[in-house]
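# Structural overview for review
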Amino acid sequence: MPSSVLWAVDLFGKVYTLSTAGQYWELCKDSQLEFKRVSATTQCCWGIACDNQVYVYVCASDVPIRRREEAYENQRWNPVGGFCEKFLPSDRWQWSDVSGLQHRPLDGVALPSRHWEWESDWYVDENFGGEPTEKGGWTYAIDFPATYTRDKKWNSCVRRRRWIRYRRYRSRDAWAKIPSKDDPEQLPDPFNDLSVGGWDITDEPVGRLSVWAVSLQGKVWYREDVSHPNPEGSSWSLVDTPGEAVQISCGPHDLLWVTLWEGQALVREGINRNNPKGSSWSIVEPPAASENGIVHVSVGVSVVWAITKDRKVWFRRGVNSHNPCGTSWIEMVGDMMMVNVGLNDQVWGIGCEDRAVYFRQGVTQSELSGKTWKAIVASRESDRSHSGSSSSLLSAGCFFGDEVRGSGESCAPSDTDASLEADRLGPDQPVPAESVDSPRNSRDSSASGPGTGRTTERAVEVPGPATQTSGPEPGPATQTSGPEPCPGLASSPAELPWTNIDLKEPKRAPGHSAAGFPETTGLSSLGLLPLGLEEPYGADDHPLWAWVSGGGCAVEAHAVLKWFTVQSGLSPSVQTHSLSIMPAQTAAWRKQIFQQLTERTKRELEHFRHYEQAVEQSVWVKTGALQWWCDWKPHKWVDVRVALEQFTGLDGARDSILFIYYVVHEEKKYLHVFLNEVTVLVPVLNETKHSFALYTPERTRQRWPVRLAAATEQDMNDWLALLNLSCCESRRVHGRPSPQAIWSITCKGDIFVSEPSPDLEASEHRLPCDQMFWRQVGGHLRVVEANSRGVVWGIGYDHTAWVYTGGYGGGCFQGLASSTSNIYTQSDVKCVYIYENQRWNPVTGYSSRGLPTDRYMWSDASGLHECTKAGTKPPSLQWTWVSDWSVDFSVPGGTDQEGWQYASDFPASYHGYKTMKDFVRRRCWARAPPGCTWARTSPSLPSPSGAATRCGPWPGMAPPSTGALCPPPNRLGTAGTTSRLLPSRD
């Protein structure tokens, strides 16, 4: 994994970067500037400085950023002097752009800002269309504008040539101020927030970015033409909003959320490659469980995180490109000042109490909300040269044993108890603060996360002592020295400021009373914070962060980072000094921690023994790309994305919803179908599409089902099998049909069965027939009959009798809900005929040229439908031709030697001989002798148990046509569960 960097801003406005391959915060170059917030990508970082100006930091690379400027010199031919600078009044300027609409003299082309420099002077481009031109680089045309050629012709009245000059961006690895327009009225007011994203919307131009900003007046601005060749962009354009904005966040693709002053959120819709600024706004209400509004949002590819005014963290469920507003809010554990979503939807945040940077662990594509917060304990690069300070030993003393412990009368609970409680809560649990006088916590508290737990639960705060804070901190101009109070004692910040403590030799600080403090050996003098510190932090004090941006930080789901390797949140100097702890003290400390954890586990489990066992609710989703026959005119097939979401309720019942996402007029919409409302799923005969239809009661009455098409027949069968199984699970229909089932046959021969409900024939509330659920079973028949005893018989198109004996599954349903045995192959034979029609005319006799009112020259028996040899196809790939086309001489009425039948006109009574009044004729073509046959292997006739074997024809029923060719079953393929009946031999 190539290294990338995480950007952050501390409370003093300094910008730091943390590499995924490193473990130290590095101060950004050009550190004279102070920033309020930044927004980073892999190639650059945008920021708002404390002067409210916008800056961009472009990372250096081996390939320079070059931009070509061009201008065109135009001339017109004059009969006196030839080509010259004298033009007609309607002509373009002598120096213009490529369109000729803008005046562009060479001396008028200036650099857009001071961050660019010219590489060379102007020169003539002597290439035209990849081929060299004549000397001078002129191209000729008849007039302006026209098609230019490099060769001069007799009618070439105008000519032009292109001048080129390159400029290079020079402000790399440095903050470059974004230039503003000279007109003060065109300048946007100072900015309050900005966000960079949109690099995955389109590939053209290379490295295009969407830069959004919010001004102090609540207006939203968009930076035009920001790309890799033009990192500064061109200008700011105002985007109207229905309210005053506070904060904005832009994702890598098409997600854009804005926070309003009222606590609501705005979602930008209609963002695409042709319209990166979007088209409309939608309002999202804040979480209903919180009385506070939204103050901060951050979006990614398909996630949205938010912070409310009470600093609670919320996750938006159901967000994607087709539904950017999402569905509902889920409260997460922890209190944060802000959160930021980076690459791969990874999440960073800044803790509300300790101002430390946290990383959300466990974020994957299957679990976008992650599992727990973990503090980043990496130190600054400048701290590596500092030696360990005495203040860092305070944390070591709190962790290891009885070096510093107060008496129970004067200080309860003690520092050791507080540290033990902190370690007992785990590295990811919060340590509550009750009497912390400093606005930031100590190193050991920064190592613990603001909270852990599942996404649907809130953190349970464990009451306990506050963790003490150590290390220098900028304070007021005047300070006094004194000892640091133990936890639980109230004191004024003016009287007891934070001090550095040396554990070796305790002494009372002069000028303060030691009342309430235990007199123990090993404490030294309590020093004051020196005034006028050059460094904002002490050598062992962690920075306090104000902003973090992970837009340029690529962290894989299972990557191993070095950010969390510093144990217990201690600095490297603390680790060095902690090696002097005796092994006996370490063993005693571990034993004490283990005992406390054991007692706590027993105590907490005792309170939850009366709770019922939780029922796991699972959600399963299948997505894919299909085509949908749109509902509006003109009706056509459109590409859509479909998602089948199946979820299990508390009662164990399964239900499913089919979502269809489509785009109309560059606006993303979707429709959904509840599968417990689907009445039937049927494959649709289509010569060019592998399509199927979903019927609901409402769409049945409208005669307009939901028609979907797959790319291949295998994809269609997979979706049919999955949707059929989901419909059956939603209606709790499983196994073989009951003896009371209702059987039906479609015109194609597919077999469907419906389980009658008690309401079907109820006298009071009769169930309408359009609400009956029909599920398809395998097999192919022409007629089916059933009785109340469960006996089901059928007759195929080849006049073969079949009996249903209870197997189920096979075909496209095989493997999902099939019986484990008794799956056999069923074949059928069907005859199809087409007719060749001709009309007599005095010149050529009988020919295929008919009158305008005649039928098709190749048609079916009625003549209403055109049926040609090449156009007559099997209804699906489950059918195959078994012979070629041939003339059928066995049609009623007889034929002549060539198979023709004659009549006076279409339609009429046909006979097999020609008379003087016969002006039309026809003959029948069949695909197999003596009839046209196709062999089809049907999927199966479902049933849970048993099946019969295939036998010969049943007496009293017509056998298949003699001479009809049918391939053996093992060549035809799929499984069935019907059986062909033999006559009894008794």
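Residues numbered from 1 in each chain as written. Predicted model: local features only at pLDDT ≥ 70, side-chain atom pairs only at ≥ 80, totals over all residues. Heavy atoms only, no water.

## Notes on the overall build of the protein chain
Helices and strands together make up the secondary structure of the protein chain, namely eight helices and 58 strands. Within the span of the protein chain, comprising 986 residues, buried residues form 49% of the whole. For the protein chain, long-range pairs separated by at least 24 residues make up 59% of all intrachain contacts whose partners lie at least 6 apart in sequence. Split by element, the accessible area of the protein chain, about 49,100 Å² in all, is 52% carbon and sulfur. (Helix = DSSP H or I, 4+ residues; strand = E, 2+ residues; numbered from the N terminus. Buried < 20%, exposed > 50% of the residue type's maximum accessible area, 1.4 Å probe, protein only. Contact = heavy atoms within 4.5 Å. Areas by Shrake-Rupley, 256 points an atom, 1.4 Å probe, with all protein chains shown as cover.)

## Focus: the UniProt feature "domain: Peroxin/Ferlin" (unreviewed entry) in the protein chain
Following the UniProt record, one finds the feature "domain: Peroxin/Ferlin" (unreviewed entry) at residues 64-125, 137-170, 827-888 and 899-932. The span residues 137-170 shows a helical share of 0% and a strand share of 44%, and its end C-alpha atoms are spaced 31 Å apart. (UniProt positions renumbered as here; feature names shortened; annotations may be inferred.)

## What about the environment of Gly863?
Position of Gly863 relative to the elements: it lies in the loop between β52 (858-859) and β53 (879-881). For Gly863, a relative accessible area of 6% gives the class buried. As a C-alpha pair, Gly863 and Pro907 span 44 residues in sequence and 8.3 Å in three-dimensional space. Residue contacts for Gly863: discarding those within four places in its chain leaves Arg855 and Tyr856.

## A look at the sheet that holds strand β35 (residues 545-549)
If you trace the five strands from one edge of the open sheet to the other, you get β32-β3-β2-β1-β35, paired in mixed fashion. Edge positions in the sheet fall to β32 (379-380) and β35, since each has one partner strand and no second. Pairing analysis gives two bridges linking strand β3 (residues 24-27) to β32, with the strands arranged parallel. Bridged to Tyr24 within β32 is Ser379. (Pairing = 2+ DSSP bridges.)

## Re the sheet that holds strand β4 (residues 35-40)
Taken in spatial order, the four strands make up an open sheet running β4-β5-β6-β16, and their pairing is antiparallel. Of all the strands in the sheet, the pair left with one neighbour each is β4 and β16 (175-177). The average undirected angle you get between the axes of adjacent strands in this sheet is 30°. Relative to strand β6 (residues 54-58), strand β5 (residues 44-49) runs antiparallel, the two sharing five bridges. Among the inter-strand pairings, Gly47 is bridged to a residue of β6, identified as Tyr55. (Axes fitted to C-alpha atoms, helices over the stretch in contact; angles between N-to-C directions.)

## Considering the nonpolar core
By size, the foremost hydrophobic cluster in this structure holds 33 residues, and its most contacted members are Leu6, Trp7, Trp25, Trp175, Trp348, Ile376 and Trp563. Among the elements that make up this core, the one with the highest residue count is strand β1 (residues 5-10) (four residues). In terms of nonpolar packing, the next biggest core, distinct from the first, is built from 30 residues, Cys630, Val673, Leu722 and Cys728 among them. (Core = buried A, V, L, I, M, F, W, Y, C linked by side-chain atoms within 4.5 Å.)

## Digging into helix α7 (residues 713-730)
In this model, α7 (18 residues) spans 25 Å end to end at C-alpha, consistent with the 26 Å of a helix rising 1.5 Å per residue. The buried fraction of α7 amounts to 14 of the 18 residues, a majority that puts the element mostly inside the structure. Looking one or two places after α7, you find Arg732, whose phi comes out positive at around 55°. (Expected span 1.5 Å × (residues − 1).)

## Comments concerning the packing of aromatic side chains
Each aromatic ring pair is summarised here by two numbers: the centre-to-centre distance and the angle between the ring planes. Taken as a whole, this structure holds 31 aromatic pairs when the rule is applied. For the pair Tyr16 and Trp545, a centre-to-centre distance of 5.5 Å together with 85° between the ring planes defines the contact as edge-to-face. With a gap of 529 residues between them, Tyr16 in strand β2 (residues 15-19) and Trp545 in strand β35 connect regions that are remote in the sequence. Exposure class is identical for Tyr16 and Trp545. Each is buried. By way of ring pairs, the aromatic residues Trp7, Phe35, Tyr55, Tyr57 and Trp175 are connected into one cluster. (Phe/Tyr/Trp six-rings, centres within 6.5 Å; stacked < 30°, edge-to-face > 60°.)

## Examining the pairing of strand β43 (residues 742-745)
The side chains of a regular strand alternate, first on one face of the sheet and then on the other. In the sheet, β43 pairs with strand β44 (residues 751-754) via four bridges, with the strands oriented antiparallel. Bridge pairing links Ser744 to Phe752 in β44.

## Some points on the pattern of salt bridges
All told, the structure shown has 23 salt bridges when counted by the stated rule. Asp91 is paired through a salt bridge with Arg76; the nearest N and O atoms lie 2.5 Å apart. Of this pair, Asp91 sits in the loop between β8 (82-84) and β9 (95-96) while Arg76 is found in strand β7 (residues 66-78), placing the two residues 15 residues apart along the sequence. For the pair Asp91 and Arg76, a shared accessibility class is recorded, and that class is buried. Note that Lys312 and Asp335 form a salt bridge whose closest N and O atoms lie 3.2 Å from each other. Note that Lys312 is positioned in strand β27 (residues 312-317) and Asp335 in strand β28 (residues 328-341), a separation of 23 residues in sequence. You can call Lys312 partly exposed: its relative accessible area is 21%. One salt-bridge network, held together by shared partners, links Arg66, Glu117, Glu119 and Arg168. (Salt bridge = Lys/Arg side-chain N within 4 Å of Asp/Glu carboxyl O.)

## Description of the confidence of the model for the protein chain
For the protein chain, the mean per-residue pLDDT works out to 74, and 69% of the residues sit at or above 70. Across residues 387-449, where pLDDT falls below 50, the model places 175 contacts with residues more than four positions away in sequence or in other chains. Taken together, the stretch residues 451-535 has pLDDT below 50 and engages in 197 contacts with residues farther than four places along the chain or on a different chain. (pLDDT = per-residue confidence, 0-100.)

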